[in-house]
Amino acid sequence: MKCIRSEIIGHGHFLPEKVLTNDDLAQMVDTNDEWISTRTGIKSRHVAAEKEYTSDLAFNAAQMALKTAGISAAELDAVVLATVTPDNTTPATSAKIAARLGVKAGTPAFDISAACSGFVYALTMADNMIRLGQAKTALVVCAETLSKITDWTDRNTCVLFGDGAGAVVLRAAEGEGTAADTGVLATKVYADGSQFDNLLTNGGVSTTQTAGHIWMNGKEVFKYAINSLAQGAEDVMSMCGVKAEDLDWLIPHQANIRIISGVGQKLGLPEEKVVVTVDHHGNTSAASIPLALSECMEAGKIKKGDLVVFNAMGAGFTWGGALVRI
Ligand code: ACO
């Protein structure tokens, strides 16, 4: 049956210039390259400059996405930004970047706070707007400056995170309603607030009037992550009658190589189909999936027609998946 699909017509990413290696971190806290590499798979991460904000990263990724889409910002009908590190508590950072990009006044713009699941949530919301006919062309941008909420004296967390941004431009197209269509084929998002205290910032506007620093119960996050990431992928595949062997790529949230490998194995996917960028990005929360997607598309690794699952899990806990034909 004919239906409206959201096609990805543009992709973009941006990384701050400064790179922090594991050896650099070993000068700051009691750690070493061997510990970080074997436990997390991370070798280096990018870190924003003092006056480089989430909106700057988002703006640059969005500009690249508009350029690869071959459209101007004036053609956008919606701007959705996922972040846990907004420039200001209010207004939404999406409104700031929309104005800077040249989006028409009156175009809806809003931020989504779903931590590392931010891209899957933002993609779901933008896709729903397109399928409902509320937007024809939408920008989904995810950007984080986690370095600003990292406790640089805490070796348990400071080795894990990085800064960066990724974006996609979606546009409505007619599909046949089958898994052979191009575009977003299915999305599903979840949350379980009983896990609130296992991964959070130890502060906030209403509680401490500060942003706080990231704190987590690493073992609990690890246990929950593999099952929830697998669920995110399995549910969207079963919604479309797709099997793991039909996939060209899995782009999981880039938190930790052991989680990524565990999910790939649980889904029965060969290693070469699982995208890994955590080694040079660290965990960039909401940005990690679109950043990885855009890097792979720029390199010609992921191509038009490829069938891809995005799956993510993060603070909340939140998690989810999306099945997309590029
Ligand atoms: N360098 C050296 N030693 C360290 C470091 C470090 N950076 N960090 C912790 N240690 C020490 C600990 O102090 C501890 O020492 P002790 O035994 O003397 O007390 C020892 O290493 C083991 O610590 P654990 O916390 O038990 O280490 P674990 O094997 O669980 O690995 C890790 C920690 C990597 C965080 C793991 O729990 C994990 O991968 N969790 C998943 C969480 C994650 O990736 N979160 C990202 C955000 S959430 C998300 O994006 C989904």
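Here, the structure is the one placed above.
Quick notes on the rules
- Residues numbered from 1 in each chain as written.
- Predicted model: local features only at pLDDT ≥ 70, side-chain atom pairs only at ≥ 80, totals over all residues.
- Heavy atoms only, no water.
- Helix = DSSP H or I, 4+ residues; strand = E, 2+ residues; numbered from the N terminus.
- Rg over C-alpha atoms; globule rule 2.2 N^0.38 Å.
- Buried < 20%, exposed > 50% of the residue type's maximum accessible area, 1.4 Å probe, protein only.
- Contact = heavy atoms within 4.5 Å.
- Areas by Shrake-Rupley, 256 points an atom, 1.4 Å probe, with all protein chains shown as cover.
- Lys, Arg positive; Asp, Glu negative; His and termini not counted.
- Charge placed at Lys NZ, Arg CZ, Asp CG, Glu CD.
- Pairing = 2+ DSSP bridges.
- Axes fitted to C-alpha atoms, helices over the stretch in contact; angles between N-to-C directions.

A. Spatial organisation of the overall build of the chain. Scanning the chain from terminus to terminus reveals ten helices and 13 strands. Its C-alpha atoms give the chain a radius of gyration of 18 Å, within 12% of the compact-globule value 20 Å for 326 residues. On the principal axes, the C-alpha backbone points of the chain span a range of 60 × 45 × 40 Å. The 326 residues of the chain split such that 56% are buried. A sequence separation of at least 24 residues applies to 77% of the contacts in the chain between residues at least 6 apart. In the form shown here, the chain has an accessible surface area of approximately 13,500 Å², with 52% of it arising from carbon and sulfur atoms. Separation of charge centres in the chain, based on 27 positive and 36 negative side chains, amounts to 3 Å.

B. Highlighting the sheet that holds strand β12 (residues 307-314). One open sheet holds the four strands; their spatial order is β8-β13-β12-β11, and the pairing between them is mixed. Edge strands, defined here as strands with exactly one partner in the open sheet, are β8 (183-191) and β11 (249-252). For this sheet the average axis-to-axis angle between neighbouring strands, irrespective of direction, equals 10°. Pairing of β11 with β12, which is carried by four bridges, proceeds in the parallel orientation. Within β12, the residue paired with W249 across the bridge is V308. Each of β8, β12 and β13 (318-325) touches helix α5 (residues 118-131); the most contacted strand, β8, lies at about 125° to it. Running at roughly 145° to β12, helix α7 (residues 218-239) makes contact with β8, β12 and β13 of the sheet.

C. Just unusual backbone geometry, in detail. Here the bond from T90 into P91 is cis, since omega is 5°, no more than 30 degrees from zero. Mapped onto the fold, P91 is located in the loop between β4 (78-82) and α4 (93-101). Residue F317 is reached from G316 by a cis peptide bond, and omega for that bond is -10°. Mapped onto the elements of the fold, F317 is located in the loop between β12 and β13. Even without a glycine there, the phi angle at Q209 is positive, about 60°. Note that Q209 resides in the loop between β9 (199-201) and β10 (214-216). Under the relative-accessibility criterion, Q209 is labelled exposed at 60%. Phi at S285 is positive, roughly 50°, even though this residue is not glycine.

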